[in-house]
Amino acid sequence: MLKEEREFLAVFNFSYLNIQPSCKDKGKEQWDKNQDSETEMGNKQTIFTPEQLDAYQDCTFFTRKEILRLFYRYRDLAPQLVPLSYINKPDVKLPYELIGSMAELKDNPFRQRIAEVFSEDGEGNMTLDDFLDMFSVLSEMAPRDLKAYYAFKIYDFNNDDYICKSDLEKTVNKLTRNELTPEEVSLVCDKVIDEADQDNDGKLSVEDFQHMIVRAPDFLSTFHIRI
Amino acid sequence: MFYHDNEAFENPDYHYSETLEIDRSRERNSSFHQNLHDSSLDDDSLYDSYEGRSGRGQRNQDYPLAIPMASMQPGFQYSYSTSRSAMQHNTNPYGNPHTNPSFEYEPELAYTSPSFHAADGPYVRRSSDMSDGGSFSQRYNRRQADLVYRMPSSLLRLDSNAETYNEDKHKQEEKLIKNLASMSSRERIKAIQKTPKTMKEKRDIRNKVLMEKTKKSASYHTQINCCTQCLYKTALSYQQFKNGLSECWHLLQFWQKTLKVIGGKFGTSVLSYFVFLKWLLTFNIFSFLVNFSFITIPQLIVSGPNNLSFNGLELLSGAGYFKKTVLYYGFYTNSTITKTENNSSYNMRLAYIFTIGIYFIICFFSLVYSMAKSFRKNFINPHTYSGSAAKLLCIWDFNITNEKAVKLKQSNLSTQIKESLSEVTLEVLNLSLKQRIARIAVHLVVWVASLGIAAACCAGVYFLSRNNLQFLEGKKSELENEAATLVLPIVVSLLNLLVPFCFALFGLLEKFQYPRHQLYVTVIRNIFLKISIIGILCYYWLNDVATLEKECWESLVGQDIYRLIVIDFIFCLFGSFFGEFVRRIIGTKCCKKLGVPEFDIARNVLDLIYTQTLAWIGIFFAPLMPAVQIISFFIIFYVKKVSLMRNCQPPRKVWRASQMTTLFIFLLFFPSFTGVLAVMAVTIWRRMPSNQCGPFQGLTSIIDAVSGWIHILDSYSGSKWVVWIYRNLIGSVHFFFILTVIVLMITYLYWQIIEGRKIMVRLLHEQIINEGKDKMFLLNKLSALQTSKLGPPKGEQQERSSSLYQPSRQAALQMTASLERPFGRNGRDFYAESFSAGIPEKTGLSPADSEGHRPAISETLALALRARQQAEWEMQDDDDKDFRP
């Protein structure tokens, strides 16, 4: 998708949201209705083919039901953009502004990074695949390695495959809402690098990060978004 | 002859003599020459050596010696080994001295670094699945392709690298697919799920693997027969069944939404309390189902009508009407229940003892399992746990979705960081001897005081209960009796409520250095108090009530436990009303300084453990106790939730949820569950069941029911094996003796293995540090080489190479000098310096220029250098962008 197009879509979405703030409720209705129809007819073909569902099941940590639920969550963000059938593999991308407005993400200081890391274009605009991928990694079932890998990428603000001091400074500022003085921030970052840097190159590589994660057992439960 | 000298990196200083002993032992002299070649080659060999490192040694064999030969120069003499004996200790553990893995072709290949699995420990990695390694080695950036093409195209060499890289990637993918295809479907799915790639790539891989599979199975199809087809169908339907089951299981996970809301508002720490509560609730639901279906339903079939009156107070006291219901032990019959005439009967005695026994065995294993799992997850490496790094990068709770909670968390975090910064100076402060003694004395006094309080509580409870028993002996009115029975549970609950506050006050006196220690100490004191109260009550039940010769002592004990649970439940409700609601009113209206109360996770969890212990003891004396427990937990869940939402704020201190949960599960197992088992054992083996009631009336001890049954079985020839098992395994001391010895041996063996691994971990850690130093050294040398290389003029290749030798030699000397500086932080500074010197000259390194130098200067070095510089520039650019206002 071209950039202009995407921008246009983003604008379009927002205008839509402004005019009709109740679209979420509508989406919910739609969801309920779909749930009903699903139980009635017992088929899921309206949205995905069984093969597609199988593929999603094999590639994420979700069950069919959860995949469908996530699909509706995704669709609720922009009901007019996302078709009700994915059989023809439509090329739909939701702009970051919509993804970031999800209840699960909207107050997260790292929401933009999360969206960027998981989106294929790196700018936070997500396809359904990216969306499922994101919540799969953030689900309870994902193993530590996978979580650590993506957490690393989230904290690696400049995408240079290392968490360097500037990345850490940004992290600290996000974590504390800029309440620390620059000296304090720099002190903290030095301490962190000092502690976690195993090979003394002055920045944290994935390995350093992994090593640290092992010793922080809470990470598994905190790097987790309930859906 | 200048060839050896040209190889600047062959400097004997390249490796430190402190390279690990274990490394040297793995020296591979046979491959020595080849390795030398590899290192001087283009980056094909880089991949090659990388492959070798990543545990896929066969790659090395894929590339025969022909590749090194290709770049062999005339006059190249294999004389290194003789002329440079210092090289002997150069070999690093991977047998490839010059290709530091962290050094290759950055930044893209940084992700392929094979030690991604470092988290799992190196041994795991070695034994881990091949395809796993394959998949992880492909952990590239999602935008890795961009990165490759972002390289300036003028760097021809790198372009061709990109090609080889793509080729290599392709090969890797093929390999991966092959590996995946050879796995079982479950493993394959797991492996695919674990791959950190976009959905599209994952799906591609999946489809390719499936294609591969069908191709393979197509070749088998010729000889397919009915049996395999049948098997396949069974497997398929099993798969479907499992899918359905897992969906059902997800439906069963109730309160998902409530938990999400709580997590969103209060974070993982408070959530852990509710998860624990839910876990206990499932325990109770399970035991209720078991007891109800195997004990209660058969009893209900035969039981007669209950003609006692019901007046409401029974709900509190558990006596009266309930005496003649299935709630208590005394109501169950000792007869066999026979509905049909044809011999099929249901022995109530056996049903009772086996149901409860099996329930306890299941409980035991599930507790051990969850405890072990929790320990494995959360205490992998507790010794090296260090605060701030992990604190900072792992602290953000992605669960939190509430705006207020996010703000609160952020401000809490900033105060915490400030505190920890001030602690840096505080920690250095050394206490004088006097102060230390004073501190130890305070600890001692407080410990003695708290133990004394606990002992006093126990003594009080014991005498109170004995007096109460004598009081009940006297002939009093029914109502008076029932009121008197309530005294004991109320006193116990009051003690449980008030004494912990006392302990909390002690904590203020003690002034622990770390809040963590205070928490642990308070938890230990509280659990000691609660368990000793339960212990003294058990002593009273088994020693005084059981020998009373009263009509039905088991039911009396059951009633006591019922009352304790109910009263404790009521106190819990009061606790959240007064402790949280009234406290909030005071905190917000009268005394603003107090503020909104925090949710005390430790106290609440300990309360849960206490009631659960009581319920476990009660299961034998009142088989439907789990039902009471279910109701009370259900109500507690909602009351606590509402109280939390209305009155509390998230805890300010860091609560290490997973470690604390582990501790609580352990506490639930060790004093609590094992204590219950001990009480059960005494009841079943040592106490005489009451004569007039219950399934075991008329026996001298409860276990006699089983031995009597075995005796009967003995006469049937078909069930000899049961008798044999009972006599030789369950009833035999020798068997348990041998079992214990074997278990102890295995434990000892594992302990030794763990010790060995600890040493291994330490050595490997040292090795990582050494590798880091190696990397630093190489980088320094490279940058020095870089600066000095700009000097020589362009000329004939040969000339250049000879002239290039000089600067590289200089660089080597420089490096030797730099080595004398201590590494570590200084080394890092040095690294930064040399790079800041090198970066401004980035335009000086024209690709054509370096292209010309290739035969002379090591290509590996040049390449790595360029890649490194590239990374530096990009980083700088990014940084500039980031910090631009």
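The rules behind the values
Residues numbered from 1 in each chain as written. Chains lettered and ligands numbered in written order. Predicted model: local features only at pLDDT ≥ 70, side-chain atom pairs only at ≥ 80, totals over all residues. Heavy atoms only, no water. Helix = DSSP H or I, 4+ residues; strand = E, 2+ residues; numbered from the N terminus. Buried < 20%, exposed > 50% of the residue type's maximum accessible area, 1.4 Å probe, protein only. Contact = heavy atoms within 4.5 Å. Expected span 1.5 Å × (residues − 1). Axes fitted to C-alpha atoms, helices over the stretch in contact; angles between N-to-C directions. Parallel < 35°, antiparallel > 145°, perpendicular 65-115°, else oblique. Left-handed = near helix turned anticlockwise from the far one by under 90°. Core = buried A, V, L, I, M, F, W, Y, C linked by side-chain atoms within 4.5 Å. Disulfide = S-S within 2.5 Å. Salt bridge = Lys/Arg side-chain N within 4 Å of Asp/Glu carboxyl O. Phe/Tyr/Trp six-rings, centres within 6.5 Å; stacked < 30°, edge-to-face > 60°. Lys NZ or Arg CZ within 6 Å of the ring centre and 35° of its normal. Lys, Arg positive; Asp, Glu negative; His and termini not counted. Polar contact = N/O pair within 3.5 Å; in protein donor to acceptor, adjacent residues only side chain to side chain. Patch = residues over 30% accessible without salt bridge, like charges linked within 9 Å, V, L, I, M, F, W, Y side chains within 5 Å. Areas by Shrake-Rupley, 256 points an atom, 1.4 Å probe, with all protein chains shown as cover. pLDDT = per-residue confidence, 0-100. Nonpolar A, V, L, I, M, F, W, Y, C, P; charged D, E, K, R; others polar.

(A) Here's a closer look at the overall build of chain A. What chain A contains, in helices and strands, is 12 helices and zero strands. Each helix and strand of chain A, placed in order from N terminus to C terminus, yields the pattern α-α-α-α-α-α-α-α-α-α-α-α. A total of 227 residues make up chain A; the buried ones form 63% of that total. Look at the contacts in chain A between residues 6 or more apart in sequence, and 59% of them connect residues 24 or more apart.

(B) Examining helix α22 (residues 487-510) of chain B more closely. All names here are of chain B. Taking 1.5 Å per residue, 24 residues should reach 34 Å; α22 reaches 35 Å between its end C-alpha atoms and fits that length. Buried residues along α22 sit in contact with α20 (433-473), α21 (478-485), α23 (515-545), α24 (553-590) and α25 (601-621). After α22 finishes, the residue Lys 511 shows a positive phi value of roughly 55°.

(C) Expanded view of the packing of α23 of chain B against helix α27 (residues 657-686) of chain B. All names here are of chain B. At a minimum axis distance of 11 Å, the contact between α23 and α27 shows a crossing angle of 15°. Taken as axis vectors, α23 and α27 run roughly parallel relative to one another. Handedness of the crossing formed by α23 with α27: right-handed. In this structure, α23 contributes Leu 519, Tyr 520, Val 523, Ile 527, Ile 531, Cys 538 and Leu 542 to the contact, and α27 contributes Gln 659, Met 660, Leu 663, Phe 664, Leu 667, Pro 671, Ser 672, Val 679, Val 682 and Thr 683.

(D) A look at the nonpolar core. By size, the foremost hydrophobic cluster in this structure holds 113 residues, and its most contacted members are Trp 616, Phe 620 and Phe 664 of chain B. It is α25 of chain B that provides the largest number of residues to this core, a total of 14 residues. Discounting residues that sit within four places of it in the chain, Phe 664 of chain B has contacts with Phe 276, Val 523, Ala 602, Val 605, Leu 606, Ile 609 and Trp 655 of chain B. Counting 88 residues, the second largest nonpolar core, distinct from the first, contains Val 92, Leu 98 and Phe 223 of chain A together with Ile 192 of chain B.

(E) Structural view of the state of the cysteines. All names here are of chain B. One pass over the full model with this rule turns up one disulfide over all chains. A sulfur-sulfur distance of 1.8 Å marks the disulfide that ties Cys 552 to Cys 693. Because the sign of the S-S torsion sets the handedness, a value of about 100° for the bond joining Cys 552 and Cys 693 places this disulfide among the right-handed ones. Placement of Cys 552 in the loop between α23 and α24 and of Cys 693 in the loop between α27 and α28 (704-714) is noted, with a sequence separation of 141 residues between them. Of the two residues, Cys 552 and Cys 693, neither departs from the other in class, the shared state being buried.

(F) The pattern of salt bridges, seen in detail. Inspection of the entire model under this criterion finds 21 salt bridges over all chains. Taking the shortest distance from any N to any O, the salt bridge between Lys 200 of chain B and Glu 120 of chain A comes out at 3.8 Å. On the criterion of chain membership, the pair formed by Lys 200 of chain B in helix α13 (residues 199-220) and Glu 120 of chain A in the loop between α6 (111-118) and α7 (128-137) is interchain, its members lying in two chains. Residue Lys 200 of chain B is classed as partly exposed on the basis of its relative accessible area of 45%.

(G) How the structure looks around unusual backbone geometry. Residues and elements named next belong to chain A. For Asp 161, which is not glycine, the phi dihedral falls at a positive 70°. With respect to the helices and strands, Asp 161 occurs in the loop between α8 (144-155) and α9 (165-176). With phi around 55°, Arg 177 is a residue other than glycine that occupies positive phi space. Considering the arrangement of structural elements, one finds Arg 177 in the loop between α9 and α10 (182-196).

(H) Region of interest: the packing of aromatic side chains. The final tally for this structure, using the stated rule, is 59 aromatic pairs over all chains. When the ring of Phe 637 of chain B is compared with that of Tyr 638 of chain B, the centres are 5.6 Å apart and the planes differ by 75°; the resulting orientation is edge-to-face. Taking the relative accessible area as the measure of exposure, Phe 637 of chain B reaches 0% and is therefore buried. Clustering of aromatic rings is evident, with ring pairs tying together Phe 276, Trp 279, Phe 283, Phe 286, Tyr 359, Phe 360, Phe 364, Phe 365, Trp 616, Phe 664, Phe 669 and Phe 673 of chain B. Here the guanidinium or amino end of Arg 113 of chain A rests over the ring plane of Phe 157 of chain A, the centre of that ring lying 5.6 Å away. Its end group placed over the ring of Trp 447 of chain B, Arg 525 of chain B keeps NZ or CZ at 4.4 Å from the ring centre.

(I) Layout of the side chain of Lys 147 of chain A. Residue and element names in this part refer to chain A. Mapping Lys 147 onto the fold places it in helix α8. Here Lys 147 occupies a buried position and makes no salt bridge, while the nearest side chain of opposite charge, Glu 140, is found at 8.4 Å. Among the polar contacts listed, one links the side chain of Lys 147 to the backbone oxygen of Ser 139, at a separation of 2.9 Å. Within the structure, Lys 147 has its side chain in polar contact with the backbone oxygen of Phe 223 (distance 2.5 Å). Here Lys 147 is in contact with Val 137, Leu 138, Ser 139, Ala 142, Phe 219, Leu 220, Phe 223 and His 224, once residues within four sequence places are set aside.

(J) Geometry of a nonpolar patch on the surface. Residue and element names in this part refer to chain B. Taken together, the side chains of Phe 737, Ile 738, Val 741, Ile 742, Met 745, Ile 746, Leu 749, Tyr 750 and Ile 753 define a hydrophobic patch exposed on the protein surface, amounting to about 890 Å² of accessible area. Inspection of the secondary structure puts Val 741 in helix α30 (residues 733-789). The exposure class of Val 741 is partly exposed, given its relative accessible area of 36%.

(K) Main features of the confidence of the model for chain B. Residues and elements named next belong to chain B. Averaged over every residue, the pLDDT of chain B is 72; residues scoring 70 or more account for 65%. Averaged pLDDT values over the elements of chain B bottom out at 37 in helix α8 (residues 122-127) and peak at 92 in α25. Considering only residues more than four positions removed or in separate chains, one finds that residues 1-158, a stretch of pLDDT under 50, has 299 contacts. Counting interchain partners and residues more than four positions distant, the pLDDT-below-50 stretch residues 878-885 has seven contacts. Scored as a complex, the prediction yields pTM 0.67 and ipTM 0.73.

(L) Seen up close, the packing of α25 of chain B against α27 of chain B. Residues and elements named next belong to chain B. Interhelical geometry of α25 versus α27 gives an angle of 20° and a closest axis separation of 10 Å. Accordingly, the angle class assigned to the pair α25 and α27 is roughly parallel. Every pair of crossing elements has a handedness; the one defined by α25 and α27 is right-handed. Taken together, the residues of α27 that come into contact with α25 (itself represented by Ala 602, Val 605, Leu 606, Ile 609, Gln 612, Thr 613, Trp 616, Ile 617, Phe 620 and Phe 621) are Phe 664, Leu 667, Leu 668, Ser 672, Phe 673, Val 676, Val 679, Met 680, Thr 683 and Ile 684. By residue class, the composition of the contact of α25 with α27 is 16 nonpolar, four polar and no charged.

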